[in-house]
Amino acid sequence: MGSDKRPPFALRWRSHTLFVVATVAVGLFTDLFLYGLVVPVLPFMLRSRLAVPEDRIQACVSGLLAAYAAASVVASVPAGWVADRAGARQAPFLGGLAALAAATVMLAFGRGLPVLYAARVLQGVSAAVVWTVGLAMVLDTVGPRNLGKTVGSIFSFISVGQLMAPVVGGILYDTIGYAGVFAVGAGVLGLDFCMRLLVVEKKVAAKYDDESGVVSSHQNEEDEEDNRRGYGTMVGSDGQEESGDPGSIPEEAGESDSLLSSKDDDDEQTYKITHEPNRIVRAIPILVCFRSPRLLAGFGLAFVQAALLAVFDATVPTEAQSLFNFTSLQAGLLFIALDVPYLVMGPVGGWAVDRYGTKFAAVVGFGYLVPVLILLRLPSDRLLSGTSNIVLYCAMLALNGVGLAIIGSPSMVETSFVVMKFDKANPGFFGANGPYAQLYGFNSVAFCAGLTVGPIVAGALRSSIGYGNMNLVFAAVTALTAVASYTVIGGRPRVNFLRRLTRTAA
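For the rest of this paragraph, the subject is the overall build of the protein chain. In terms of regular secondary structure, the protein chain is built from 23 helices and two strands. For the protein chain, long-range pairs separated by at least 24 residues make up 82% of all intrachain contacts whose partners lie at least 6 apart in sequence. A total of about 21,600 Å² of accessible surface is found on the protein chain, and carbon and sulfur atoms cover 65% of it.

A complete count under the given rule lists four salt bridges for this structure. Asp-192 is paired through a salt bridge with Arg-196; the nearest N and O atoms lie 2.8 Å apart. Linking Asp-192 with Arg-196, this pair stays in helix 8 (residues 178-198), spanning four residues, or about one helical turn. Looking at Arg-196, the relative accessible area reads 1%, which means it is buried. As a salt-bridge pair, Arg-294 and Glu-414 come within 2.7 Å of each other at their nearest N and O atoms. Highlighted residues: Arg-294 in helix 14 (residues 293-324) and Glu-414 in helix 20 (residues 410-425), separated in sequence by 120 residues. Under the relative-accessibility criterion, Arg-294 is labelled buried at 5%.

Another aspect to go through is a nonpolar patch on the surface. Judged by side-chain polarity, Leu-333, Ile-336, Val-340, Leu-343 and Val-344 come together as a nonpolar surface patch covering roughly 380 Å² of accessible area. It is helix 16 (residues 335-356) that contributes the most residues to the nonpolar patch, four residues altogether. Relative to the helices and strands, Ile-336 is located in helix 16.

For the structure on display, the rule yields two cavities of 30 Å³ or more. Considered as a void within the structure, the largest cavity measures approximately 40 Å³ in volume. Along its surface, the largest cavity is lined by Leu-34, Leu-37, Val-38, Thr-104, Leu-107, Gln-123, Phe-182 and Gly-185. At three residues, helix 2 (residues 17-38) tops the list of elements feeding residues into the lining of the largest cavity. Counted by class, the lining of the largest cavity contains five nonpolar, three polar and no charged residues.

Moving on, we come to the packing of aromatic side chains. Applying the stated criterion across every chain, the model contains twelve aromatic pairs. Aromatic pair Phe-290 and Phe-299: ring centres 5.7 Å apart, planes at 45°, arrangement tilted. Under the relative-accessibility criterion, Phe-299 is labelled buried at 10%. On the numbers, 5.3 Å between centres and 45° between planes, the contact of Phe-324 with Phe-326 is tilted. Considered together, Phe-324 and Phe-326 belong to a single accessibility category, that of buried residues. Aromatic ring contacts, followed pair by pair, group Phe-324, Phe-326, Tyr-393 and Tyr-467 into a single cluster. Across the ring face of Phe-93, the terminal group of Arg-196 is positioned such that the distance to the ring centre comes to 4.3 Å. Here Lys-359 stacks its cationic end above the ring of Tyr-486, 5.8 Å away from the centre of that ring.

Topologically, Ser-126 is positioned in helix 6 (residues 113-142). A relative accessible area of 1% places Ser-126 in the buried class. There is a polar contact of 2.9 Å between the side chain of Ser-126 and the backbone oxygen of Gly-96. Not counting residues up to four positions away in its chain, the partners in contact with Ser-126 are Gly-96, Ala-99 and Leu-100.

This next bit is on the environment of Leu-189. If you trace the backbone, Leu-189 turns up in helix 8. Ignoring any residue separated from it by four or fewer positions in sequence, one finds Leu-189 in contact with Thr-30, Leu-34, Leu-97, Leu-100, Ala-101 and Thr-104.

Turning to the nonpolar core, a few remarks are in order. Counting 123 residues, the largest nonpolar core has Leu-46, Trp-131, Leu-308, Leu-397 and Tyr-440 as its most contacted members. The greatest single-element share of this core, amounting to 14 residues, is contributed by helix 6. Here Trp-131 is in contact with Leu-28, Asp-31, Leu-32, Phe-155, Ile-158 and Tyr-440, once residues within four sequence places are set aside.

For the rest of this paragraph, the subject is helix 3 (residues 42-49). Those residues of helix 3 not exposed but buried are Leu-42, Met-45, Leu-46 and Arg-49. Looking straight down helix 3, one finds that the buried residues subtend no more than 105° of arc, so they occupy a single side.

This part is about unusual backbone geometry. One non-glycine residue, Ala-51, lies in the positive phi region at around 55°. Relative to the helices and strands, Ala-51 is located in the loop between helix 3 and helix 4 (54-85). In this structure, Asn-325 takes a positive phi of about 60° despite not being glycine. Mapped onto the fold, Asn-325 is located in the loop between helix 14 and helix 15 (328-333). On the basis of relative accessible area, Asn-325 is assigned to the exposed category, the value being 60%.

Once that is clear, we can look at the environment of Ala-88. As for its position among the elements, Ala-88 is in the loop between helix 4 and helix 5 (90-109). Ala-88 sits in the partly exposed class, given a relative accessible area of 25%. Note: C-alpha distance between Ala-88 and Met-137 (49 residues apart in sequence) is 9.6 Å.

This part covers the confidence of the model for the protein chain. Of all residues in the protein chain, 83% attain a pLDDT of 70 or more, and the chain-wide mean is 78. Helix 22 (residues 467-487) holds the highest mean pLDDT among the elements of the protein chain, 94, whereas strand 1 (residues 234-235) holds the lowest, 34. In this model residues 209-243 is a low-confidence stretch, pLDDT under 50, and it forms 58 contacts with partners more than four residues away in sequence or in other chains. Segment residues 251-265: pLDDT under 50, and 37 contacts once partners within four positions in sequence are set aside and those in other chains are kept.

Thresholds applied
- Residues numbered from 1 in each chain as written.
- Predicted model: local features only at pLDDT ≥ 70, side-chain atom pairs only at ≥ 80, totals over all residues.
- Heavy atoms only, no water.
- Helix = DSSP H or I, 4+ residues; strand = E, 2+ residues; numbered from the N terminus.
- Contact = heavy atoms within 4.5 Å.
- Areas by Shrake-Rupley, 256 points an atom, 1.4 Å probe, with all protein chains shown as cover.
- Salt bridge = Lys/Arg side-chain N within 4 Å of Asp/Glu carboxyl O.
- Buried < 20%, exposed > 50% of the residue type's maximum accessible area, 1.4 Å probe, protein only.
- Patch = residues over 30% accessible without salt bridge, like charges linked within 9 Å, V, L, I, M, F, W, Y side chains within 5 Å.
- 1 Å grid on protein atoms, 1.4 Å probe; cavity = no way out; pocket = protein on both sides within 12 Å on 5 of 7 lines; lining within 4 Å.
- Points joined across faces, edges and corners; volume = space filled by probe spheres on them.
- Nonpolar A, V, L, I, M, F, W, Y, C, P; charged D, E, K, R; others polar.
- Phe/Tyr/Trp six-rings, centres within 6.5 Å; stacked < 30°, edge-to-face > 60°.
- Lys NZ or Arg CZ within 6 Å of the ring centre and 35° of its normal.
- Polar contact = N/O pair within 3.5 Å; in protein donor to acceptor, adjacent residues only side chain to side chain.
- Core = buried A, V, L, I, M, F, W, Y, C linked by side-chain atoms within 4.5 Å.
- Arc of directions from axis to C-beta.
- pLDDT = per-residue confidence, 0-100.

This is the structure in structure tokens:
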């Protein structure tokens, strides 16, 4: 539409794809960094500031961690619902940051357990907002074609915050005290606030047409560049929008077969709403998409992925203490072996999703994790001694980090594609913004459920059958997930799946 007012200052770079994606990445980084920054400080805070009895500290720490997870689960779907109905996603995105800032202030100055619990609840609400609204902004910005690569890169970046935060928090507390911990937190929050305030969504920038003068031409130039790089809406040579299935493996010109029996799966009637939805579905329209097995399988991948991540968080420190008599700091440094491959391979795993499809990445990723999870038993069998055994454990963790990077993107790309098909087949049903923030709200619920179940099951298994056999159980889970990915993710597989896969990889 025409605009009779001046465009925002520096509209071109504020709405640039790179800046929008970077803003979301920094928001996710801030959430994880501030979460991890206070974790090593909580026991000391409870003991020295609140005078909590020693025998209650562990229970209070667990309760504060649980309050965060519970608030995130409860708030994820409502946050997505609000974001999908808002005119722009920036307002709820800033609202989530306000909750995080309030939580940080309460943690810094709170003098009672109720205040700390309230702060952790606000942190959980903020996490729900940034993960649902932020990821919806990413999809709005880059479109489906580059979603895997973009998500893989973002997850690699934010893993740095997850890795650094506990170490930084512990060092700052030991050297400076509370002031140092929360000063760093305030600095990260300040950067995040500036970026969220400056960012302009693509759809907002698009409202400024040729009447806006030079800015519009700049925006058009960027849109053309985005199309050349594959961002945004897929446009075919005839000018019509395309919606290529990310589950399929792209073929060379002249080849018509794909990994999927696409005639059935891409039939718009499959996604058409043919009956009058009930009141609940009209209120939460994303629920109509739950009839798709691919959507449910995608949520299942998110659950298993989160459970595996949580298993490492829960068992690596205790196993390191048991095997090597490591301190908490030494055990924390072991995560570098796990996270560096995740950081390096995350964009590669996302690129594989975009290039070869969600089925390929999910089957290969979960299939690869089966043997490397089993190999984690080698250090516990004490085949080597001393430093050699520590090196062996680090090597096994690094191999698992590669697998975790590969499985980081398929769930989000798969579920996004399914919901996009429903949105396209039913114009107007999901509203102007579509149901994507609601989608990521449910995805967050599945992920948080995995983060909750993983440590509980892992702890029980490690105590009853040992660390090696515990990893054998989770290897069996990943094998079943790989089989489910082969049969459901990306649609029904063709008979010549392996031949196709081998030829494409070659």
